[in-house]
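These are the residues of each chain, in order.
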Amino acid sequence: MNFFRGVMGGQAAGPQPSGADTIQKLCDRVASSTLLEDRRDAVRALKSLSKKYRMEVGVQAMDHLINILQTDRSDSEILGYALDTLYNIICNDEEEEQDEANQKQADDLGAKFTEAFIQNAEHITLLLTLLEEFDFHVRWPGVKLLTALLKSQCVPVQSIILVSPMGVSRLMDLLADSREVIRNDGLLLLQQLTKGNAAIQKIVAFENAFERLLDIITEEGSSDGGIVVEDCLLLLLNLLKNNSSNQNFFKEGSFIQRMRPWFEVGDDNAGWSAQKVTNLHVMLELVRVMVSPVNSPGATASCQKSMFQCGLLQQLCTILMATGVPADILTETINTVSEVIRGSQVNQDYFASVNAPSNPPRPAIVVLLMSMVNDRQPFVLRCAVLYCFQCFLYKNQKGQGEIVATLLPSTIDANSISAGQLLCGGLFSADSLSNWCAAVALAHALQDNLIQKEQLLRVQLATSLGKPPVSLLQQCTNILSQGDKISRRGSKVQTRVGLLMLLCTWINNCPIAVTHFLHNQENVPFLTAQISENLGEDERLVQGLCALLLGICIYYNDNSLENYTKEKLKQLIEKRIGKENFVEKLGFITKHELYSRAGQKPQPVFLSPVHMLFDHEFTKLVKELEGVITKAVHKSSEEEKKEEEVKKTLEQHDNIVTQYKELIREQDAKIQELKEQVTTMTSQNEEMQTTMAQQLSQIQQHKDQYNILKLKLGKENQSQANPPQGDGSHVNGMQTEEVSQLREEMEELRNQYALLQTQLSDKEVLIETLRSEGSEPAEGAPEGPDNTELFKELELLRSQVQTQTAEISQLKTENQDLLKRVETGSIDATPSGDASADASNMTEMESRLAAQTSEMERLKEEVRGLTQGRAHLEQQEASATSSVAILQTEKAKLQTDLQESKKEQDDLLMLLADQDQKILNLKQRLKDLGQTVEDEDDLDTMRDQTDEDEEEDEDED
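Residues numbered from 1 in each chain as written. Predicted model: local features only at pLDDT ≥ 70, side-chain atom pairs only at ≥ 80, totals over all residues. Heavy atoms only, no water.

A. Highlighting the overall build of the protein chain. Regarding its fold elements, the protein chain presents 40 helices and four strands. By the burial criterion, 40% of the 957 residues in the protein chain qualify as buried. In the protein chain, 71% of the contacts between residues at least 6 apart in sequence involve partners at least 24 apart. When the accessible area of the protein chain is evaluated, it comes to approximately 54,200 Å², of which 52% is carbon and sulfur surface. (Helix = DSSP H or I, 4+ residues; strand = E, 2+ residues; numbered from the N terminus. Buried < 20%, exposed > 50% of the residue type's maximum accessible area, 1.4 Å probe, protein only. Contact = heavy atoms within 4.5 Å. Areas by Shrake-Rupley, 256 points an atom, 1.4 Å probe, with all protein chains shown as cover.)

Written out as structure tokens, the structure is:
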């Protein structure tokens, strides 16, 4: 009956159930129903009640909803309802404005439910698993729920995701989703995920986040894009800020070059939308993150170099000089250009060459300084210009010299406005903020540059007609004294602080400037009067700066002025001020509230012009000088004398050490020279020892030969003195001496014959080898007329060698017969030894020996010819071998190319087969969908044509 009453619209009798009771019943249905439809209806009802009854649904239904996520994975609709319900109870998503108390209560409630949800880390892992579902009704609520959890409890959720396997990678896949609403919410999710967690930032960066985000920015229109571009830029900012590893990865990946198109603004700069201004703000902040002064110097210098090379700096300077650019964009651009050129000589030189598009053209520096000293310009813009000028001069001695040169009399151009004239105009204007900015800017032109400090002493200023010019240093002290009189009636503290900072920077570590300052008789009394007076709170800073200036005059005093030596100035402080009072006044500087704020970072950031008192570089100077000035004031004259003596001793010691170092260098050079000489002489000695050993061996050989000859001569003398009995003076008609000579010649002929025989056998072997190789040429060897001629020459040489061998054999036989006849005495059988027969025999023998000698000479000549022929044949053989090697190399290369071509054809066949299968699948799907497709005959025709093309390609290969 209750069901029918509900359908017909009737009122049920009895009291209505409360929201908590309804939620309890719905939870019971979710827990106990066996039908999926019942559970789905109950979860849908809980979703509708979750915003109004947030507390009740969160307390009673959270566990049941988590159980649904675990068990009902197959039904995307119930999963979507459960995720939406969890999102509603965790996130305070009400659009209407709430008072502060209700808002705080809602936030506390969201944090409480978030803690309950993430108490079990498996719940986050389950949520990450659900994000892999492609179904829109599951994936989108899951993204929103995880984003809400990160907003509520960022650090714990980050820790769980970090240790979850592939947790970050799953979230990075959201950027590739084709549905823009999921991709855009994925950007918001990754923004929350990467906040303050360097480990997650690195993982996201190495998951190709930079490439994806820059692609999205380009697709969405860069600076002209919408809120999606801003989300991408904010995510990039999270990844790069305070993360040196990601910054280095961004630079090495050449992503800086892709930032340049962001700043290409058209000529018509009217009508800048609020979103474009916001986008450009974040883009400029990204550039500043890469070149921030807090980064390591090496990384900053590398990024500055890349920005100049890719044209990013040039594009920023174009915006700087463009018209119609909104003031806040112009201010931020000036700050960005400042940090891009800070400390980079190349970038600073380029910035010095930039001209504004005016008639006549003026340097950009001059145009910016005109804005800085103009009291009608916005305060933040003037601070930005001052920062830009400071960065231009930072570690830029060349730029400092150019600025100071515009103040010198020899370089002043009356027809144009220079930077120096603008600074002097601002220094002496009625606007205290211009005074301070000009003083600080001029102090930066002198920072750590002794030459420019001395050059600036030459600057003379014309105060009024009829009066002589005064130096810039004197004019600054004059303004200080006048400011003191004015300050008693009003306020000129800012002007005086700026001038005192300029004077302290100027005379610091410059004894000549100290002498010029002390030369004015009014300066020291003015400083002592300022320090000794008991003034109000606002003047205590001025007193501290005056004490610092006077302390610098003591510490860097060279005692060139008799009235203001170090000792006399300290006595003056002790009498007029008191040492303890002086040190106390000096300590007021570092105790000032704005001092520590200025020392935090180089950029001058002030809430209002009243807070503009200290410069960042000046805070470093105060920190450096405070201690040394305190010691210098407390030291007595005797201690100073001792210190001077110690300094002199140290200087003498340094001189002695320097002399010894030079002596040691000279001795090292001499030792090195002597070592080289010893090495040379050692090598020469070794060569001489080798030569000496060779000469000794030769001498020994000569001695041996001499002894042999001596023994032979002794034997011959003995045989001549005691001839043998029965021989007489002839042996078979010949003298003994001639016979011995004949035997020696015969022995020599035998040796020569053996040598020739060996050479001939070697030639024979070589000819046979060449003949065998020539009969079967190697694969790839050239065949032609050259080889035929070579074989003909080999055959000719072979026939010549055979002929010479026969002749040598005949000579050998004749020599052997002759030798036997000589030894046996059968040359002449006549016992009486007829003189005419002996003479004829000797003549015949001599003629035959002469013939043999000539024949041996001819054989030697022919052997030389054979040797030359052999060398020629070896050269031809080497040439043929090299040709064979080249051909074999080319053959191997062709075989390799053939194998690669076959492999490519196989791959192509595989790809065609895959494509064919895909076409068949697509045709089947089209048929299933009722679409008309081509006939199978057409497809077969296409396949046959493809096969024929492949066969033709293979035949060509």
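B. Structural context of the packing of aromatic side chains. This structure, assessed with the given rule, holds 11 aromatic pairs. Here a set of aromatic residues connected by ring pairs shows up, and it is made of F206, F210, F249, F250 and F255. Across the ring face of W272, the terminal group of K276 is positioned such that the distance to the ring centre comes to 4.5 Å. Positioned above the aromatic ring of Y394, the side-chain terminus of R342 is 3.8 Å from the ring centre. (Phe/Tyr/Trp six-rings, centres within 6.5 Å; stacked < 30°, edge-to-face > 60°. Lys NZ or Arg CZ within 6 Å of the ring centre and 35° of its normal.)

C. Broad picture of the nonpolar core. Counting 209 residues, the largest nonpolar core has L146, L149, L171, W262, F263, F351 and L548 as its most contacted members. With 12 residues, helix 22 (residues 379–393) is the single largest residue contributor to this core. Sequence-distant contacts of F263, that is, excluding residues within four places in its chain, are made with L280, M283, L284, V287, L312, Q315, L316 and I319. (Core = buried A, V, L, I, M, F, W, Y, C linked by side-chain atoms within 4.5 Å.)

D. Representation of a negative patch on the surface. A grouping of D897, E900, E904, D906 and D907 is seen on the molecular surface, where their side chains present a negatively charged patch. With respect to the secondary-structure elements, D906 resides in helix 39 (residues 835–928). (Patch = residues over 30% accessible without salt bridge, like charges linked within 9 Å, V, L, I, M, F, W, Y side chains within 5 Å. Salt bridge = Lys/Arg side-chain N within 4 Å of Asp/Glu carboxyl O. Lys, Arg positive; Asp, Glu negative; His and termini not counted. Charge placed at Lys NZ, Arg CZ, Asp CG, Glu CD.)

E. Summary view of the confidence of the model for the protein chain. In this model, the protein chain carries an average pLDDT of 80, and 75% of its residues clear a pLDDT of 70 or more. A low-confidence stretch, residues 486–491 stays under pLDDT 50, and its non-local contacts, those more than four residues away or across chains, total seven contacts. (pLDDT = per-residue confidence, 0-100.)

F. Main features of empty space enclosed by the protein. A full pass over the atoms with the stated rule returns four cavities of 30 Å³ or more. One number sums up the size of the largest cavity: a volume of about 70 Å³. If you go around the largest cavity, the residues you meet are R342, Y387, Q390, C391, Y394, H444, P602, D615, H616 and E617. Secondary-structure elements contributing two or more residues to the lining of the largest cavity are helix 22 and helix 35 (616–634). At three residues, the largest contribution of residues to the lining of the largest cavity is made by helix 22. Grouping the amino acids of the lining of the largest cavity by side-chain chemistry returns four nonpolar, three polar and three charged. (1 Å grid on protein atoms, 1.4 Å probe; cavity = no way out; pocket = protein on both sides within 12 Å on 5 of 7 lines; lining within 4 Å. Points joined across faces, edges and corners; volume = space filled by probe spheres on them. Nonpolar A, V, L, I, M, F, W, Y, C, P; charged D, E, K, R; others polar.)

G. Broad picture of a nonpolar patch on the surface. Together, I656, Y660, L663 and I664 give the surface a local cluster of nonpolar side chains, amounting to about 380 Å² of exposed area. You can see I656 is positioned in helix 36 (residues 637–721).

H. Inspection of the environment of D349 at higher detail. Relative to the helices and strands, D349 resides in helix 20 (residues 345–353). The partly exposed category is assigned to D349, whose relative accessible area is 29%. Once the C-alpha coordinates of D349 and F392 are considered, the two residues, 43 residues apart in sequence, prove to be 8.8 Å apart.

I. Structural detail: the pattern of salt bridges. Following the criterion strictly, the structure yields 22 salt bridges and no others. A salt bridge links R40 to E77, with the nearest nitrogen and oxygen atoms 3.7 Å apart. Here R40, found in helix 3 (residues 36–49), pairs with E77, found in helix 5 (residues 76–90); they are 37 residues apart in sequence, far enough to count as distant. Taking relative accessible area as the criterion, E77 reaches 34% and is therefore assigned partly exposed. Between R170 and E132 there is a salt bridge, with the nearest N and O atoms lying 2.8 Å from each other. Linking R170 in helix 10 (residues 167–172) with E132 in the loop between helix 7 (121–130) and helix 8 (136–152), this pair joins segments that are 38 residues apart in sequence.

J. Structural context of unusual backbone geometry. Even without a glycine there, the phi angle at S222 is positive, about 55 degrees. Its location among the elements puts S222 in the loop between helix 13 (209–219) and helix 14 (227–240). With a phi angle near 55 degrees, D448 is a residue other than glycine that sits in the positive phi range. Checked against the element boundaries, D448 lands in the loop between helix 25 (432–446) and helix 26 (450–456).

K. Here's a closer look at the state of the cysteines. Under the criterion given, the structure shown has zero disulfides. The structure places no disulfide on C504, whose sulfur is separated from the nearest cysteine sulfur, that of C546, by 8.4 Å. (Disulfide = S-S within 2.5 Å.)

L. Inspection of the packing of helix 8 against helix 9 (residues 154–163) at higher detail. Look at helix 8 against helix 9: their axes get within 5 Å of each other, and the N-to-C directions meet at 125 degrees. Relative to helix 9, the element helix 8 is oriented oblique. Contacts from L146, L149, L150 and S152 of helix 8 reach helix 9 at C154, V157, Q158 and I161. Among the residues forming the contact of helix 8 with helix 9, the class breakdown is six nonpolar, two polar and no charged. (Axes fitted to C-alpha atoms, helices over the stretch in contact; angles between N-to-C directions. Parallel < 35°, antiparallel > 145°, perpendicular 65-115°, else oblique.)

M. Looking closely at the packing of helix 20 against helix 22. In contact at an axis separation of 9 Å, helix 20 and helix 22 are set at 125 degrees when each is read in the N-to-C sense. Relative to helix 22, the element helix 20 is oriented oblique. Every residue of helix 22 that contacts helix 20 at Q348, F351 and A352 is listed here: C388, C391 and F392. Considered class by class, the residues forming the contact of helix 20 with helix 22 number five nonpolar, one polar and no charged.

N. Geometry of helix 11 (residues 180–193). Between its first and last C-alpha atoms helix 11 spans 20 Å; for 14 residues at 1.5 Å apiece the expected length is 20 Å, and the two agree. For helix 11, a buried count of 11 out of 14 residues is recorded, marking the element as mostly surrounded by other parts of the structure. Among the residues of helix 11, I182, R183, N184, D185, G186, L187, L189, L190, Q191, Q192 and L193 are the ones counted as buried. Of the surrounding secondary structure, the elements contacted by the buried residues of helix 11 are helix 8, helix 9, helix 10, helix 12 (198–206), helix 13 and helix 14. (Expected span 1.5 Å × (residues − 1).)

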